[in-house]
Amino acid sequence: MLIDDLAVRAFTAPLEEARAMGALALFGEKYGDEVPGGRGRRLLRELCGGTHVVRSGQLGLVKILGESSIGSGVRRVEALVGTDAFRYLATESLLVSQLSEQLKARREELPERVSALVTRVREAERELERLRSAQLLGVSGDLAARAEDIEGVAFVAHQVPDGTGADGIRALALDVRARLGDRPAVVVVAGVPSDRPSVVVAVNELARERGLAAGALVKKAASALGGGGGGRDDVAQGGGAPVGDRGSASLDEAFSVVRSVVTDIAGHGGVA
């Protein structure tokens, strides 16, 4: 239609009159009592809030950016026209040229090359996560061996390196608990995966029999970190507010709070 350079006539009419003429009104658009519209030979009439051209050829180039559904059987197409479309394509062409140069590949080879790179990055990330998990769990034995004794309860509090994910924190807590054997045990592991701290408390059955519950303990720890948490009596997880520059000091405070609660309950037979 652009090549045909069809004539387009803009008009303004009352909304109901425009509809009677067959003008399309799109869902999600707001129209006043008087609405602008446009029509042309071999073109649909449509209500429009924009500026019209006199002939379709004035649009020049049309670059479609995307389309989406706005109702049953109705699609919305977003596009740039004229000089804006040319600028968009020029920028796009520059980006493709830069990628082609950096990847040492022809333009038509870029999709395959980028797909291969993404696959390699994902594989490397999975391998890195595996190595991190192995390294993290490697300290379990030492932590269990150095467990603090609080009124007959083995207590472990440990801060993992910054950047350790929540899954890694949980896995370490459970592994240390399993290594503490047949004595009452409470394990608290915390870290800062990103900017917010995460804390996991794991309690074995013998400790639960003495009134120590992971869900109650993690709430105390998370509260000290400015957040909240909860979970089952055997294992629970919580989080806190961004630690900022306080970092380790915030986690030490959370550990101290849990240690105090364990001391109080284990020493006096209270219930969490």
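Check the entry above for the structure.
If you're wondering where the values come from, they're calculated on a predicted model, not measured in any experiment.

(A) Molecular detail of the overall build of the protein. When you go through the protein residue by residue, the secondary structure sums to eight helices and 11 strands. Taking all 272 residues of the protein together, 29% fall into the buried category.

(B) Region of interest: the pairing of strand β10 (residues 228–231). Both β10 and strand β11 (residues 235–239) contribute to a ladder of four bridges, which runs antiparallel. The residue of β11 that forms the bridge with Gly231 is Ala236. The turn joining β10 and β11, which pair antiparallel and follow one another in sequence, is formed by three residues.

(C) A nonpolar patch on the surface, seen in detail. On the surface, Val62, Ile64, Val77 and Val81 cluster together into a nonpolar patch covering about 310 Å² of accessible area. Going through the elements one at a time, β4 (62–71) and β5 (74–81) are the ones with two or more residues in the nonpolar patch. Inspection of the secondary structure assignment puts Ile64 in strand β4.

(D) Quick peek at the sheet that holds strand β8 (residues 185–191). Spatial ordering of the open sheet is given by β6-β7-β8-β9-β11-β10, a layout of six strands whose pairing is mixed. Looking at which strands have only one partner, the edges of the open sheet turn out to be β6 (148–150) and β10. Each strand axis lies, on average, 20° off the axis of its neighbour in the sheet, ignoring direction. Seen against the sheet, helix α5 (residues 166–179) touches β7 (153–159), β8, β9 (198–203) and β11 and runs at an angle of roughly 25° to β9. Along the sheet face, helix α8 (residues 248–268) touches β6, β7 and β8 and points at about 170° away from the line of β7.

(E) Highlighting the nonpolar core. Judged by nonpolar contacts, the single largest core of 27 residues is most densely connected at Val186, Val188, Val201, Val203, Leu212, Leu217 and Val262. Of all the secondary-structure elements, those providing two or more residues to this core are β7, β8, β9, α7 (214–224) and α8. Of the residues forming this core, the biggest block, eight residues, is contributed by α8. Excluding residues within four positions of it along the chain, Val262 makes contact with Ile150, Val153, Phe155, Val186, Leu212, Leu217 and Gly267.

(F) Spatial organisation of the environment of Leu217. By the secondary structure assignment, Leu217 is in helix α7. For Leu217, the residues in contact, after removing those within four places along its chain, are Val186, Val201, Val203, Val258, Val261 and Val262.

(G) Molecular detail of the pattern of salt bridges. Using the criterion set out here, one finds eight salt bridges in the structure. In this structure, Arg179 and Asp175 form a salt bridge, with 3.0 Å as the shortest nitrogen-oxygen distance. With a gap of four residues between them, Arg179 and Asp175 both fall in helix α5, about one helical turn apart. Judged by its relative accessible area of 48%, Arg179 falls in the partly exposed class. Residue classification places Asp175 among the partly exposed positions, given a relative accessible area of 23%. Measuring nitrogen to oxygen at the nearest pair gives 2.9 Å for the salt bridge that ties Arg232 to Asp234. Through salt bridges with shared partners, one network takes in Arg106, Glu108 and Glu109.

(H) Main features of the side chain of Ser100. Along the chain, Ser100 turns up in helix α2 (residues 82–103). You can call Ser100 buried: its relative accessible area is 16%. A distance of 2.3 Å separates the side chain of Ser100 from the backbone oxygen of Ala105, its partner in a polar contact. In contact with Ser100, not counting residues within four places along its chain, are Ala105, Arg106, Arg107 and Leu110.

Basis of the calculations
- Residues numbered from 1 in each chain as written.
- Predicted model: local features only at pLDDT ≥ 70, side-chain atom pairs only at ≥ 80, totals over all residues.
- Heavy atoms only, no water.
- Helix = DSSP H or I, 4+ residues; strand = E, 2+ residues; numbered from the N terminus.
- Buried < 20%, exposed > 50% of the residue type's maximum accessible area, 1.4 Å probe, protein only.
- Pairing = 2+ DSSP bridges.
- Patch = residues over 30% accessible without salt bridge, like charges linked within 9 Å, V, L, I, M, F, W, Y side chains within 5 Å.
- Areas by Shrake-Rupley, 256 points an atom, 1.4 Å probe, with all protein chains shown as cover.
- Salt bridge = Lys/Arg side-chain N within 4 Å of Asp/Glu carboxyl O.
- Axes fitted to C-alpha atoms, helices over the stretch in contact; angles between N-to-C directions.
- Contact = heavy atoms within 4.5 Å.
- Core = buried A, V, L, I, M, F, W, Y, C linked by side-chain atoms within 4.5 Å.
- Polar contact = N/O pair within 3.5 Å; in protein donor to acceptor, adjacent residues only side chain to side chain.

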